[in-house]
Amino acid sequence: MAGALWLQLMAVATSECSSGFKPSGRAPDLVVIGGTVADLVASPEAGGRLLEDTSVPGTLCISAGGVGRNIAEALTRLDTAPLFLSALADDGFAQLLERGYTHQPTGKLAAQTSFGMSNLNGAPKCALDMSAVRRVAGARTATFTALQTYQGELAMAVADMSINARITPDYLQLHASTIQGAVLCVADANLPTVTLQWLAQRCGGRDECGERKARPYLWLEPVSVPKAVAACYALRAGGLQAIDFVSPNEEELLAMAATVEPSSELDQQRKADQVILEKTGDSSAITRKRDSRDSDITRAASALVRAGIRNVIVTRGASGVLWARAASESETGNHAGMVFESLPAPLAAVRNTRGAGDSFVAGAVWGLLNAHSLAQSSYPATKQHTPPMCSVQAVRDALRSGLIAAKLTVESELAVSEELCAAALADCPSS
């Protein structure tokens, strides 16, 4: 049964998949660069448990994923036109991803079988333009294969991301004029070291007088702890100063801080925690009191700001986000010349946390682009530098938009909610 359904799925993708959408013919204000992944998530039926060495009844959801792709899809749903740069193979998963295909198990039948799929002949609801994505013959499209509990908590997963090594500087060079002419570039840390360095040389940064260079703003999404650390190593020699925004979760933040400030107290604490984890295999054994944890987060965010990153935005799940930045001339720093601002998350009926961070980034980027459009309309035409879309209020409002976008996604079963739209974020209140 599973084999027959899989063949049906592949046949639909092959027969309906086109070679891609045609470019719009204009340079977009936004470029998104990162991974495109086929997410395969299996879970037992309601009330069931995962068991070792045997199978259990449950469901399988196959959906389009990948941090970069999720962000690009969310921005497309928000009525932007991003240039999306990524890599796909020439296999069946690539054909599904090109169509934005998503299959959700539904009804009693799906709960009783391992491969209950719905709407095999349905058309995708979001036409993400993937015409610029690199195709790599003979490679494997990236996959994320996960087992989760029936409550939606991740139990284990295997990620095959080797194709991301083909998102190279040579490939980005084909789109260099568009990248350098964009307002903002979003990159995920799936990118190879040399590609991150290539981007850092062409985005963000300030000149010798401290003025911001006329380059795209750069937003880095760390993806995971290992990739966050790798990105820090890749950009440690001056490249971190090119980053205007970074959006780690708490664990990614602590790892990044330990990387940029080796031998610091945070670095020593992290190494001690790692020893405990290796000996016990129990992460709860290293959980410290909340006050201590908050102090660690503040110090870690400070380390990234000192390293040159202008806006450190720590995603903290149901607690919202912590925004760390150097105090401006009109602000009074509350921690060694730095400002820490907490923005609460709106209440949500959580069904799935996969993709929440990606939707947050997309919502915040949407807010920043709106601020840019408003600033550009009133900015003197004689100025050579990019209009100042990154005022404190503009960023604050953008982060609130990001939190609303994340809420919509966690209340859905998908990595990007189908309810996400510009109208939903336009009503976001500002202070």
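Caption draft 1: Up close: the overall build of the protein. Looking only at helices and strands, the protein has 14 helices and 14 strands in total. Across the protein, every contact between residues at least 6 apart in sequence was considered, and the portion connecting residues at least 24 apart equals 75%.

Caption draft 2: Quick look at the packing of aromatic side chains. One pass over the structure, following the stated rule, counts one aromatic pair. Positioned over the ring face of W323 is R325, at 3.9 Å from the centre of the ring.

Caption draft 3: Representation of unusual backbone geometry within the structure. We note that D53 has phi near 65°; this positive angle belongs to a residue other than glycine. Residue position: D53 is located in the loop between β2 (37–44) and β3 (58–65). Unlike most non-glycine residues, D79 shows phi in positive territory, near 65°.

Caption draft 4: Seen up close, the nonpolar core. I33, L85, L172, L199 and V312 are the most contacted members of the largest nonpolar core, which has 56 residues in total. The contacts of L172, once residues within four sequence positions are left out, are I33, L85, I167, I179, T195, W198 and L199. Counting residues in each nonpolar core, the second largest holds 52 residues, with L60, A72, L184 and V395 among its members.

Caption draft 5: Up close: the sheet that holds strand β4 (residues 83–85). Ordered in space as β4-β1-β9-β10-β11-β12-β13-β14, the eight strands form an open sheet in which the pairing is mixed. Of all strands in the sheet, those bounded by a partner on one side alone are β4 and β14 (338–343). Here strand β11 (residues 245–246) pairs with strand β12 (residues 311–315) via two bridges, running parallel. Counted as the bridge partner of V246 is V312 from β12. Along the sheet, helix α13 (residues 392–410) contacts β11, β12, β13 (321–326) and β14; its crossing angle with β13, the most-contacted strand, is approximately 160°.

Caption draft 6: Summary view of the sheet that holds β2. One open sheet accounts for four strands, arranged β3-β2-β7-β8; its pairing is mixed. Since the sheet does not close on itself, it has two edges, and those belong to β3 and β8 (154–160), each with one partner. Ignoring strand direction, the axes of neighbouring strands in this sheet form an average angle of 15°. Pairing of β2 with β3, which is carried by eight bridges, proceeds in the antiparallel orientation. Note that in β3 the partner of P44 across the bridge is G58.

Caption draft 7: Spatial organisation of a nonpolar patch on the surface. Nonpolar side chains collect at one region of the surface, where L50, L147 and M156 lie side by side and expose about 250 Å² of accessible area between them. By the secondary structure assignment, L147 is in strand β7 (residues 142–148). Residue classification places L147 among the partly exposed positions, given a relative accessible area of 34%.

Caption draft 8: Structural detail: the confidence of the model for the protein. Confidence in the prediction for the protein averages 81 pLDDT; 74% of positions are at 70 or higher. Below a pLDDT of 50 lies the segment residues 1–27, which in the model reaches 39 contacts outside its immediate sequence neighbourhood of four places, other chains included. Note on residues 382–387: pLDDT under 50 across the span, and 17 contacts to partners over four residues away in sequence or across chains.

Caption draft 9: Quick peek at helix α2 (residues 67–77). Within α2, 11 of the 11 residues are buried, which leaves it mostly tucked inside the rest of the structure. Restricting attention to buried positions, one finds in α2 the residues V67, G68, R69, N70, I71, A72, E73, A74, L75, T76 and R77.

Caption draft 10: Main features of the packing of helix α7 (residues 193–200) against helix α8 (residues 225–235). α8 packs onto α7 with a crossing angle of 55° between their chain directions and a minimal axis gap of 9 Å. In terms of their interaxial angle, α7 and α8 are classed as oblique. Here the hand of the crossing between α7 and α8 comes out right-handed. Contact residues: T193, L196, Q197 and A200 in α7; A231, A234 and L235 in α8. Considered class by class, the residues forming the contact of α7 with α8 number five nonpolar, two polar and no charged.

The rules we used
- Residues numbered from 1 in each chain as written.
- Predicted model: local features only at pLDDT ≥ 70, side-chain atom pairs only at ≥ 80, totals over all residues.
- Heavy atoms only, no water.
- Helix = DSSP H or I, 4+ residues; strand = E, 2+ residues; numbered from the N terminus.
- Contact = heavy atoms within 4.5 Å.
- Phe/Tyr/Trp six-rings, centres within 6.5 Å; stacked < 30°, edge-to-face > 60°.
- Lys NZ or Arg CZ within 6 Å of the ring centre and 35° of its normal.
- Core = buried A, V, L, I, M, F, W, Y, C linked by side-chain atoms within 4.5 Å.
- Buried < 20%, exposed > 50% of the residue type's maximum accessible area, 1.4 Å probe, protein only.
- Pairing = 2+ DSSP bridges.
- Axes fitted to C-alpha atoms, helices over the stretch in contact; angles between N-to-C directions.
- Patch = residues over 30% accessible without salt bridge, like charges linked within 9 Å, V, L, I, M, F, W, Y side chains within 5 Å.
- Areas by Shrake-Rupley, 256 points an atom, 1.4 Å probe, with all protein chains shown as cover.
- Salt bridge = Lys/Arg side-chain N within 4 Å of Asp/Glu carboxyl O.
- pLDDT = per-residue confidence, 0-100.
- Parallel < 35°, antiparallel > 145°, perpendicular 65-115°, else oblique.
- Left-handed = near helix turned anticlockwise from the far one by under 90°.
- Nonpolar A, V, L, I, M, F, W, Y, C, P; charged D, E, K, R; others polar.

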